[in-house]
Amino acid sequence: HMRHTQKKDQALDDGMRALLTKLRPYCLEDIMSAISLYRPGPMQSISRFLKNRADPASIRYADERLADILGSTGGCIIYQEQVMMIFRVLAGYSYGRADVVRRMMSKKKVDEMEREKAFFLAGAAENGVRPETAESVFAEMSDFAKYAFNKSHAAAYAVLSFRTAYLKCHYIKEYLCALLTSVTDSPGKIAEYVSEARSGGISVLPPDVNESRADFHVSGNAVRFGLLAIKNIGKNTVDEIVSGREYDGAYKSVADFISRIDPSVLNKRQLEALIKSGALDSLGEKRSALLASL
């Protein structure tokens, strides 16, 4: 199941990367468009979106009043808010009535959208929209409603995506530390991100009772493993280890370490975890010897 999920995630990553490469985003709205387009349904509009974005003069609108609504998205319907505006501009809906339509879309109530068709066509006729134009526009909106995305959500995701990409590009070690710390309780994710760091040329140093903090942190040109990420090691134990060396200096040996740590926060299982993780390696004893005398 995990392999299947990883393959699926990789396929999504590759597809989004291909879209961004073709899109060449240069503003936040482009990132918003990519996020909203790369979904079931709207994906069908990707080629048209890219073509129209490259040549805006080639865009043809079913009704010229749609230009102000769809101009920024290459003539394609991408957001729920655009559908709300089409209902308002072409069919004369109030803001309140248009918001009812938005709720239908967000809950994917396609049958209710279909019942709304008569009201839309009647309002469009009063506004001078040709019947065949109103029919085609509604059909496109109705199909889109199955997958409609909210522009305000896309904006929030786009800001987060941009900040993340910026940090990963310019502060890669700090970014990886934060990323690893965020998955402290998930050994599988830690292994995945450690592998990604190493494939990017960044070393991840093992945990060490004299060097590690509670969380992952930058150490020179590398990332140092956080003590809290060691299985069976809790916050009280970590706090005791870190505060002990801050107040009384580095641990000089395994015996020195054990004698200085309050036994109420360091039991046999936790000491075994420290040994097996390599957190005591720098104190000069072999793990096999320590485990044998545990």
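Residues numbered from 1 in each chain as written. Predicted model: local features only at pLDDT ≥ 70, side-chain atom pairs only at ≥ 80, totals over all residues. Heavy atoms only, no water.

Novice: Honestly, the overall build of the protein in this entry has me stumped. Any pointers?
Specialist: Each helix and strand counted, the protein has 15 helices and three strands in total. In summary, the protein has a C-alpha radius of gyration of 29 Å against a globular reference of 19 Å for 294 residues, an excess of more than 25%. Judged by the C-alpha coordinates and their principal axes, the protein covers about 90 × 35 × 35 Å. Taking the contacts inside the protein whose residues are at least 6 apart along the sequence as the reference set, 53% of them involve residues at least 24 apart. Accessible surface, the protein: about 16,700 Å² in total, of which carbon and sulfur atoms supply 54%. (Helix = DSSP H or I, 4+ residues; strand = E, 2+ residues; numbered from the N terminus. Rg over C-alpha atoms; globule rule 2.2 N^0.38 Å. Contact = heavy atoms within 4.5 Å. Areas by Shrake-Rupley, 256 points an atom, 1.4 Å probe, with all protein chains shown as cover.)

Novice: I would appreciate a short explanation of the nonpolar core in the present structure.
Specialist: One recurring pattern in soluble globular proteins: nonpolar side chains tend to sit buried together. Judged by nonpolar contacts, the single largest core of 26 residues is most densely connected at Leu 66, Val 83, Ile 86, Phe 87, Phe 120 and Met 141. In this structure, Val 83 is in contact with Ile 77, Val 101, Met 105, Met 141 and Phe 144, ignoring residues within four places of it in sequence. Counting 21 residues, the second-largest nonpolar core is a separate cluster that includes Val 209, Val 265, Leu 283 and Leu 290. (Core = buried A, V, L, I, M, F, W, Y, C linked by side-chain atoms within 4.5 Å. Buried < 20%, exposed > 50% of the residue type's maximum accessible area, 1.4 Å probe, protein only.)

Novice: Help me out: how do you make sense of the sheet that holds strand S3 (residues 222-224) in this one?
Specialist: What holds strands together in a sheet is hydrogen bonding between their backbones, with the strands either parallel or antiparallel. Pairing within the open sheet is mixed, and its three strands lie in the order S1-S3-S2. Of all the strands in the sheet, just strand S1 (204-205) and strand S2 (217-219) have a single pairing partner and so form its edges. Relative to S3, S2 runs antiparallel, the two being bridged by three bridges. Among the inter-strand pairings, His 217 is bridged to a residue of S3, identified as Arg 224. (Pairing = 2+ DSSP bridges.)

Novice: Before we go on, may I ask you to explain the packing of helix H5 (residues 80-91) against helix H7 (residues 110-126) in this structure?
Specialist: Helix packing geometry: the angle between the two helix axes and the distance between the axes. One way to put it is that H5 packs onto H7 with a least axis distance of 8 Å and a crossing angle of 35°. For the pair H5 and H7, the contacting residues are Ile 86, Phe 87, Leu 90 and Ala 91 in the first and Met 113, Glu 116, Phe 120, Gly 123 and Ala 124 in the second. Classifying every residue of the contact of H5 with H7 by side-chain character gives seven nonpolar, one polar and one charged. (Axes fitted to C-alpha atoms, helices over the stretch in contact; angles between N-to-C directions. Nonpolar A, V, L, I, M, F, W, Y, C, P; charged D, E, K, R; others polar.)

Novice: Just checking my understanding: could you explain the pattern of salt bridges for this structure?
Specialist: Between side chains of opposite charge, pairing is possible as soon as their charged atoms come close. Taken as a whole and judged by the stated rule, the model has 16 salt bridges. Between Glu 29 and Lys 151 there is a salt bridge whose closest N-O contact spans 3.4 Å. Taken together, the residues Glu 29 in helix H2 (residues 28-37) and Lys 151 in helix H9 (residues 151-170) connect sequence positions 122 residues apart. With relative accessibility at 24%, the residue Glu 29 sits in the partly exposed group. (Salt bridge = Lys/Arg side-chain N within 4 Å of Asp/Glu carboxyl O.)

Novice: Teacher, can you tell me more about the environment of Leu 266 here?
Specialist: For Leu 266, the position within the fold is in the loop between helix H13 (254-260) and helix H14 (268-277). The sequence separation of Leu 266 and Gln 80 amounts to 186 residues, and the corresponding C-alpha distance is 56 Å.

Novice: Looking at this model, I keep getting lost on a nonpolar patch on the surface. Mind explaining?
Specialist: Taken together, the side chains of Leu 28, Phe 162, Tyr 166, Leu 167 and Tyr 171 define a hydrophobic patch exposed on the protein surface, amounting to about 490 Å² of accessible area. At three residues, the largest contribution of residues to the nonpolar patch is made by H9. Inspection of the secondary structure assignment puts Tyr 171 in the loop between H9 and helix H10 (172-182). A residue is classified by how much of its surface remains accessible, and Tyr 171, at 43% relative accessible area, is partly exposed. (Patch = residues over 30% accessible without salt bridge, like charges linked within 9 Å, V, L, I, M, F, W, Y side chains within 5 Å.)

Novice: Help me understand the packing of aromatic side chains, please; the structure alone is not making it clear to me.
Specialist: Think of a pair of aromatic rings as described by two things: how far the centres are apart, and how the planes are tilted against each other in angle. Inspection of the entire model under this criterion finds seven aromatic pairs. By the ring-pair criterion, three or more aromatic residues cluster together here, those being Phe 87, Tyr 93, Phe 120 and Phe 138. When the ring centre of Tyr 95 is taken as origin, the NZ or CZ atom of Arg 88, which lies over that ring, is 3.7 Å away. For the cation-ring pair, Arg 97 lies above Phe 119, with the distance from its terminal atom to the ring centre recorded as 4.7 Å. (Phe/Tyr/Trp six-rings, centres within 6.5 Å; stacked < 30°, edge-to-face > 60°. Lys NZ or Arg CZ within 6 Å of the ring centre and 35° of its normal.)

Novice: Sorry, what's going on with the side chain of Asn 150 here?
Specialist: Among the secondary structure elements, Asn 150 is positioned in the loop between helix H8 (131-144) and H9. The exposure class of Asn 150 is buried, given its relative accessible area of 13%. A polar contact is formed between the side chain of Asn 150 and the side chain of Ser 152, at a distance of 2.3 Å. (Polar contact = N/O pair within 3.5 Å; in protein donor to acceptor, adjacent residues only side chain to side chain.)

Novice: Looking at this structure, how should I read the environment of Arg 102?
Specialist: With respect to the helices, strands and loops of the structure, Arg 102 is situated in helix H6 (residues 95-106). Taking the C-alpha atoms as reference, Arg 102 lies 8.9 Å from Asn 150; in sequence the two are 48 residues apart. For Arg 102, the side chain forms a polar contact with the side chain of Asp 99, separated by 2.7 Å.

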